[in-house]
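Examining the three-dimensional arrangement
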Amino acid sequence: LKAGTIIAIPIINIFGFLNFSRDVPDGKDVNRSFPGSPTGSLASVVAHTISAQILPHIDFGIDFHTGGASRTNYPQIRISDKDEKGKEVASIFKAPFTLKSSLISGSLRRCAYDLGKSVIVYEGGESLRFQELAIDEAIKGTFRVLQHYGMISSSPKVKKESIVLEDSKWIRADMAGLFRPFKKSGQFVKENQVLGKITDVAGQYEIEVEAPESGYLIGHNNNPVVNRGDALFHLGTT
């Protein structure tokens, strides 16, 4: 580094990492347990360690996530309209998509905001999978941020500007069955366009999954077996 300091934490929830789970052994989600407590549950203790020993020392942070439960997220940055520093960092990072997303109570991002700090969230790929596109975009974006603040000398150039999405919604299954997607994350779709089909096991009936409005697919379900109400596509709108 030419200047500054990086605090790098490869894994916050080591218990979940070892057990292929988002939760810690007591069943709680660390990213819903902030700011935590030194005498609370295991998730609360882990969250407290981060909020007490890390967040006070940072100028800003980047929190890297994948999709969960067989869902893939197309590379995207999530920011809050309230967070001016976060919007600045996101504009430098230049992920393929920038999604305006509210601060979730108990999350690392909300805790940082309450402490007067800024943390943006990068979402990309699927849990338990190496997805080269998501990894590549994460590294390139991080290098762009480091160069902008004078910490390194060079960074990859941007091929195209980030698409800013004002809102998003999940398109869910109207019935249980076998799900066949026709579209993938990253693509633009039009209102009423058929995105996939759900059929019964015997193939005697099927329903089409349609886009309720035009927008960009920023996440999709890879599980071929779905239940009614399961999230199928994450649709972002400008």
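As a starting point, this report considers the structure included with it. (Residues numbered from 1 in each chain as written. Predicted model: local features only at pLDDT ≥ 70, side-chain atom pairs only at ≥ 80, totals over all residues. Heavy atoms only, no water.)

1. Remarks on the overall build of the protein
The secondary structure content of the protein amounts to five helices and 13 strands. Overall size of the protein, expressed as C-alpha extent along the three principal axes, is 60 × 45 × 30 Å. Of all 238 residues assigned to the protein, the portion counted as buried reaches 41%. Taking the contacts inside the protein whose residues are at least 6 apart along the sequence as the reference set, 62% of them involve residues at least 24 apart. In the structure as shown, the protein presents an accessible area of about 13000 Å², 52% of it carried by carbon and sulfur atoms. Side chains of the protein give 28 positive and 26 negative charges; the mean places of these two sets differ by 4 Å. (Helix = DSSP H or I, 4+ residues; strand = E, 2+ residues; numbered from the N terminus. Buried < 20%, exposed > 50% of the residue type's maximum accessible area, 1.4 Å probe, protein only. Contact = heavy atoms within 4.5 Å. Areas by Shrake-Rupley, 256 points an atom, 1.4 Å probe, with all protein chains shown as cover. Lys, Arg positive; Asp, Glu negative; His and termini not counted. Charge placed at Lys NZ, Arg CZ, Asp CG, Glu CD.)

2. Details of helix H3 (residues 84–93)
For H3, every residue scored as buried is listed here: Gly 86, Val 89, Ala 90, Ile 92 and Phe 93. Mapping the buried residues of H3 onto a view down its axis gives an arc of 160°, with all of them on the same face. Close packing links the buried residues of H3 with strand E1 (61–67), strand E2 (71–79), strand E3 (97–100), strand E4 (119–126) and helix H5 (132–148). Put simply, Asp 83 is the residue that caps the front of H3, since its side-chain oxygen is 3.4 Å from the backbone nitrogen of Lys 85. Looking one or two places after H3, you find Lys 94, whose phi comes out positive at around 60°. (Arc of directions from axis to C-beta. Polar contact = N/O pair within 3.5 Å; in protein donor to acceptor, adjacent residues only side chain to side chain.)

3. Regarding the packing of aromatic side chains
Under the criterion given, the structure shown has seven aromatic pairs. Centre to centre, the rings of Phe 93 and Tyr 122 are 5.6 Å apart; their planes meet at 35°, and the pair counts as tilted. Within this pair, whereas Phe 93 is found in helix H3, its partner Tyr 122 is found in strand E4, the two being separated by 29 residues in sequence. Pair check on accessibility: Phe 93 and Tyr 122 agree, each one buried. With a centroid separation of 5.1 Å and 65° between ring planes, the pair formed by Phe 188 and Tyr 216 is classed as edge-to-face. Taken together, the residues Phe 188 in strand E8 (residues 188–189) and Tyr 216 in strand E11 (residues 215–221) connect sequence positions 28 residues apart. Using a relative accessible area of 44% as the deciding quantity, one classes Phe 188 as partly exposed. For the cation-ring pair, Arg 71 lies above Trp 170, with the distance from its terminal atom to the ring centre recorded as 5.6 Å. (Phe/Tyr/Trp six-rings, centres within 6.5 Å; stacked < 30°, edge-to-face > 60°. Lys NZ or Arg CZ within 6 Å of the ring centre and 35° of its normal.)

4. Focus: the side chain of Asn 221
For Asn 221, the position within the fold is in strand E11. Residue Asn 221 is classed as buried on the basis of its relative accessible area of 5%. Within polar-contact distance, the side chain of Asn 221 engages the backbone nitrogen of Asn 223 at 2.8 Å. Here Ala 231 takes part through its backbone oxygen, which lies 2.9 Å from a polar atom of the side chain of Asn 221. With residues near it in sequence (within four places) discarded, Asn 221 still touches Ala 69, Ser 70, Arg 71, Phe 179, Val 226, Ala 231 and Leu 232.

5. Focus on a nonpolar patch on the surface
A cluster of nonpolar side chains, contributed by Ile 11, Ile 14, Phe 15, Phe 17 and Leu 18, occupies part of the molecular surface with about 450 Å² of accessible area. Assignment of secondary structure puts Ile 11 in the segment before helix H1 (14–18). Given a relative accessible area of 32%, Ile 11 falls into the partly exposed group. (Patch = residues over 30% accessible without salt bridge, like charges linked within 9 Å, V, L, I, M, F, W, Y side chains within 5 Å. Salt bridge = Lys/Arg side-chain N within 4 Å of Asp/Glu carboxyl O.)

6. Observations regarding the nonpolar core
Of all hydrophobic cores here, the largest spans 14 residues; its most connected members are Phe 179, Leu 195, Ile 198, Val 209, Leu 232 and Phe 233. Among the elements that line this core, the one with the most residues is strand E13 (residues 231–237), at three residues. Apart from residues no more than four positions distant in its own chain, Phe 233 is found in contact with Lys 169, Trp 170, Ile 171, Phe 179, Pro 181, Lys 183, Leu 195, Val 209, Leu 217, Gly 219 and His 220. Val 30, Ala 47, Leu 108 and Val 119 belong to the second largest nonpolar core, which has 13 residues in total. (Core = buried A, V, L, I, M, F, W, Y, C linked by side-chain atoms within 4.5 Å.)

7. Regarding the environment of Pro 181
Summarising the element assignment, Pro 181 is placed in strand E7 (residues 177–181). Here Pro 181 falls in the partly exposed class, since its relative accessible area comes to 39%. As for Pro 181 and Leu 195, which are separated by 14 residues in sequence, their C-alpha atoms are 6.1 Å apart. Excluding anything up to four places from it in sequence, Pro 181 contacts Leu 195, Gly 196 and Phe 233.

8. Description of the packing of H3 against H5
Pairs of packed helices are described in terms of their axes, by the angle between the two and the distance that separates them. For the pair H3 and H5, the least separation of the axes is 8 Å and the interaxial angle reads 115°. Where H3 crosses over H5, the two elements pack in a sense that is right-handed. Residues Val 89, Ile 92 and Phe 93 of H3 lie in contact with H5, whose contacting residues are Glu 137, Ala 138, Gly 141, Thr 142, Arg 144, Val 145 and His 148. Residue composition of the contact of H3 with H5, by class: five nonpolar, three polar and two charged. (Axes fitted to C-alpha atoms, helices over the stretch in contact; angles between N-to-C directions. Left-handed = near helix turned anticlockwise from the far one by under 90°. Nonpolar A, V, L, I, M, F, W, Y, C, P; charged D, E, K, R; others polar.)

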